[in-house]
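In case you want the letters, here they are:
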Amino acid sequence: MIDAAEERVIDCDWHYQDSFTEVAEYMPEPWRTKYKDSFWEETGVTQALSSFFPTSTGDRQNYGKVLREHSNYPDEPEDPERVREGMDFLDIDVSLQISHLILATGGINADDERIQAFTRGYIEYMLEEVLDPDEGIYGLAPIPYGDIDASLEVLERVEDEETFVGACFVTAGASPPLGNRKYDPIYERCEQMDFPVVYHTGGSGLDEYVRAGYQEMIETHTLGFLESNMSQIVSVACQGVPEKYPDLDIVFMESGVTYIPGLVSRLDEEYLKRPEEAPLLDTRPSEYITDFYFGTQPLEISARNDLLELCFDMIGTDRLLYASDYPHWDFDSPSVINDLPMLDDDDRRAILSGNAEEVFGV
Amino acid sequence: MSADGLVEVGPESEFEDGDHAIVEVGPAEVGVIKADGEFYALRNQCPHDGGPVCQGNVQRELVGEFTGTGERVDQYYSDNCIVSCPWHGWSFDLETGKHIGDDRIRVPTYDVVVEDGIVYVDGGD
Ligand code: FES
């Protein structure tokens, strides 16, 4: 068996713990001043954050049981150096940074430019202070998909920046869901730029997942992240995004892998009974969905081996991308992939870096 | 079945578009369907769960076309005729017997012959 520490490892999902303190400096006016005047220094970033980031059930730190540093939403601005330290800690060669604050924007339905302003500031900040291909630190550009023009401007801005290697769509909150024709111009541009689309599940509004009143994070974290991704997978597949833009690479991140066979089996069952409702598809939705790529984290290593093996078979080990989700509380280290008994060494290498090299060109 | 393998179904004049008749061809039950002036014959046993597929609704197939970024999918009825199993809606092309959503699934088809105003299914030799 290979040793992950000796291998090239590409982490497709690193959460840069950006805060308003840094990003606001780079925001366009009037948002820069609005945010800088928001008293976060006096009241703590967490306070300002919660007015932007809808709260969710329970404490991610497991009420004092998770003891790692920097694993929660920061009370202090993030330090780019910590990315390097974390990559050393996990033995990772290349990481793709996504914005941790942007994950919250699924809870914002107003047409008030907050997301666009933040996205623009975030991109300039990351370019200026964090991303560094020489250190293996790349980024995914957050797409404010509620505003098509602003999204196209983001793509225009990053097109010639080699440090941004894909577009990030937060899957929570999209209304209409992300297969809708409204988003076509973004997909068309991404395909043209050879820029993979990464759908990342989001945590906003978990307490109100389908029905309000869940009590604990164990409940909402199990269901909410899954639901966010599943709803977009169904929409993107049934509305024919892969038929419309066949060269577009599609990646789904952060819901593990065991939900995929169940979802596609159910969807295929529906499809055979009513295929004319997905008229752009030439064959079963599963054939398209298993062409998507999937981030592995949080991998369900507690599942029965034969189930996990079946999942890997159905999805294809050439479609799986190692993702740590670091520094979030439930991160996976590369050894989670390395130690899986049902994989051979070629599979391990493909999941740890080979597949990501192909998708993201890093 | 006659020596030439033809199974008589009945007079052509008794069929309107959309009508079907069920006949025995050897051990199999076969449905003869008239659609758009043509005759088709398929095994009357749905590959899904054995439903009487040939006794279902006959329609033209609704298809969709991507006409451009941001445009609605253009939906229209094609020239293809389909029959839909009355049990759960699996639908098959009358000409080929292929499921309209997955052409790997197929209902066996038979040739239909009309001679002197009489419709026959060719059951093979
Ligand atoms: S038995 Fe024919 S559709 Fe189910």
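Definitions and limits used
- Residues numbered from 1 in each chain as written.
- Chains lettered and ligands numbered in written order.
- Predicted model: local features only at pLDDT ≥ 70, side-chain atom pairs only at ≥ 80, totals over all residues.
- Heavy atoms only, no water.
- Helix = DSSP H or I, 4+ residues; strand = E, 2+ residues; numbered from the N terminus.
- Contact = heavy atoms within 4.5 Å.
- Areas by Shrake-Rupley, 256 points an atom, 1.4 Å probe, with all protein chains shown as cover.
- Lys, Arg positive; Asp, Glu negative; His and termini not counted.
- Charge placed at Lys NZ, Arg CZ, Asp CG, Glu CD.
- Rg over C-alpha atoms; globule rule 2.2 N^0.38 Å.
- Buried < 20%, exposed > 50% of the residue type's maximum accessible area, 1.4 Å probe, protein only.
- Buried area = accessible area lost by both parts, 1.4 Å probe.
- Nonpolar A, V, L, I, M, F, W, Y, C, P; charged D, E, K, R; others polar.
- Pairing = 2+ DSSP bridges.
- Axes fitted to C-alpha atoms, helices over the stretch in contact; angles between N-to-C directions.
- Expected span 1.5 Å × (residues − 1).
- Bend = angle between axes of the 7 residues up to and from the residue.
- Polar contact = N/O pair within 3.5 Å; in protein donor to acceptor, adjacent residues only side chain to side chain.
- Parallel < 35°, antiparallel > 145°, perpendicular 65-115°, else oblique.
- Left-handed = near helix turned anticlockwise from the far one by under 90°.
- Core = buried A, V, L, I, M, F, W, Y, C linked by side-chain atoms within 4.5 Å.

1. As for the overall build of chain B
Then, number 1: The helix and strand inventory of chain B stands at 0 helices and 9 strands.
Then, number 2: Each helix (α) and strand (β) of chain B, taken in turn from the N terminus, gives the series β-β-β-β-β-β-β-β-β.
Then, number 3: C-alpha extents for chain B along the principal axes are approximately 60 × 30 × 25 Å.
Then, number 4: Sequence-distant contacts in chain B: of pairs separated by 6 or more residues, those separated by 24 or more amount to 45%.
Then, number 5: In the structure as shown, chain B presents an accessible area of about 6,600 Å², 39% of it carried by carbon and sulfur atoms.
Then, number 6: Between the averaged position of the 7 positive side-chain charges in chain B and that of its 26 negative side-chain charges there is a distance of 10 Å.

2. Some thoughts on the overall build of chain A
Then, number 1: Helix and strand content of chain A: 15 helices and 8 strands.
Then, number 2: For chain A, whose C-alpha radius of gyration is 19 Å, the value lies close to the compact-globule estimate of 21 Å for 362 residues.
Then, number 3: Across its three principal directions, the C-alpha atoms of chain A cover 55 × 45 × 45 Å.
Then, number 4: Classification of the 362 residues of chain A by burial places 59% in the buried group.
Then, number 5: Only carbon and sulfur atoms are counted for the fraction: they give 43% of the accessible area of chain A, which is about 15,000 Å².
Then, number 6: If the 25 positive side-chain charges of chain A are averaged to one point and the 76 negative ones to another, these points end up 6 Å apart.

3. Some points on the interface of chain A and chain B
Then, number 1: At the interface, 18 residues of chain A touch 25 residues of chain B.
Then, number 2: Where chain A abuts chain B, roughly 1,700 Å² becomes buried across the two surfaces, and 53% of that area is made up of carbon and sulfur atoms.
Then, number 3: Contact with chain B buries area across many residues of chain A, yet Arg181(A), Leu272(A) and Glu276(A) alone supply 37% of it, more than any other trio.
Then, number 4: For the side of chain A that touches chain B, the secondary structure elements donating two or more residues are helix H8 (184-193) and helix H11 (259-273) of chain A.
Then, number 5: If you tally residues by element for the side of chain A that touches chain B, the top one is H11(A), at 4 residues.
Then, number 6: Class assignment for the residues of the side of chain A that touches chain B results in 7 nonpolar, 1 polar and 10 charged.

4. Focus: the sheet that holds strand S4 (residues 164-170) of chain A
Within a sheet, each strand pairs with its neighbour through backbone hydrogen bonds, oriented either parallel or antiparallel.
All names here are of chain A.
Then, number 1: Pairing is parallel in the open sheet, where 8 strands are placed in the order S1-S2-S3-S4-S5-S6-S7-S8. Either end of the sheet is taken by a strand with one partner, and the two such strands are strand S1 (10-16) and strand S8 (320-321).
Then, number 2: The pairing of S4 with strand S5 (residues 197-200) spans 4 bridges and is classified as parallel. In the sheet register, Cys-168 faces S5, and the bridge partner there is Val-198.

5. Observations regarding the sheet that holds strand S8 (residues 109-115) of chain B
Residue and element names in this part refer to chain B.
Then, number 1: As summarised here, the arrangement of the 6 strands in space is S1-S9-S8-S4-S3-S2, forming an open sheet in which the pairing is antiparallel. Looking at strand neighbours, the two that pair on one side only are strand S1 (6-11) and strand S2 (20-25), the edges of this open sheet. In this sheet, neighbouring strand axes are inclined to one another by 30 degrees on average, regardless of whether the strands run parallel or antiparallel.
Then, number 2: In this structure, strand S3 (residues 28-35) lies alongside strand S4 (residues 38-43), joined through 6 bridges in antiparallel fashion. Following the sheet pairing, Val-32 is matched in S4 by Ala-41.

6. Some thoughts on helix H15 (residues 345-360) of chain A
Residues and elements named next belong to chain A.
Then, number 1: With 16 residues, H15 should cover 22 Å at 1.5 Å per step; its first-to-last C-alpha distance of 22 Å lies within 8% of that length.
Then, number 2: Helix geometry: H15 is bent most strongly at Ile-351, by close to 60 degrees.
Then, number 3: Along H15, the positions that sit buried rather than exposed are Asp-347, Arg-348, Ala-350, Ile-351, Leu-352, Ser-353, Asn-355, Ala-356, Val-359 and Phe-360.
Then, number 4: Put simply, Asp-344 is the residue that caps the front of H15, since its side-chain oxygen is 3.1 Å from the backbone nitrogen of Asp-346.
Then, number 5: Gly-361 sits one or two positions beyond H15 and adopts a positive phi of about 65 degrees.

7. Observations concerning the packing of helix H9 (residues 217-238) of chain A against H11(A)
All names here are of chain A.
Then, number 1: At a minimum axis distance of 11 Å, the contact between H9 and H11 shows a crossing angle of 40 degrees. In terms of orientation, H9 lies oblique with respect to H11. Read as a crossing pair, H9 and H11 show a hand that is right-handed. Counting all contacts with H9, which are made through Leu-226, Asn-229, Met-230, Ile-233, Val-234 and Cys-238, the residues of H11 involved are Tyr-259, Leu-263 and Leu-267.
Then, number 2: Classifying every residue of the contact of H9 with H11 by side-chain character gives 8 nonpolar, 1 polar and no charged.

8. Things to note about the nonpolar core
Then, number 1: Grouped together as the largest cluster of nonpolar side chains are 102 residues, with contacts concentrated most on Phe169(A), Tyr187(A), Phe294(A), Phe312(A) and Phe360(A).
Then, number 2: Per-element accounting of this core gives the leading share, 8 residues, to helix H6 (residues 114-130) of chain A.
Then, number 3: Of all hydrophobic cores here, the second largest spans 20 residues; its members include Ala278(A), Tyr288(A), Cys85(B) and Val107(B).

Keep in mind these numbers describe shape, not what the thing actually does.
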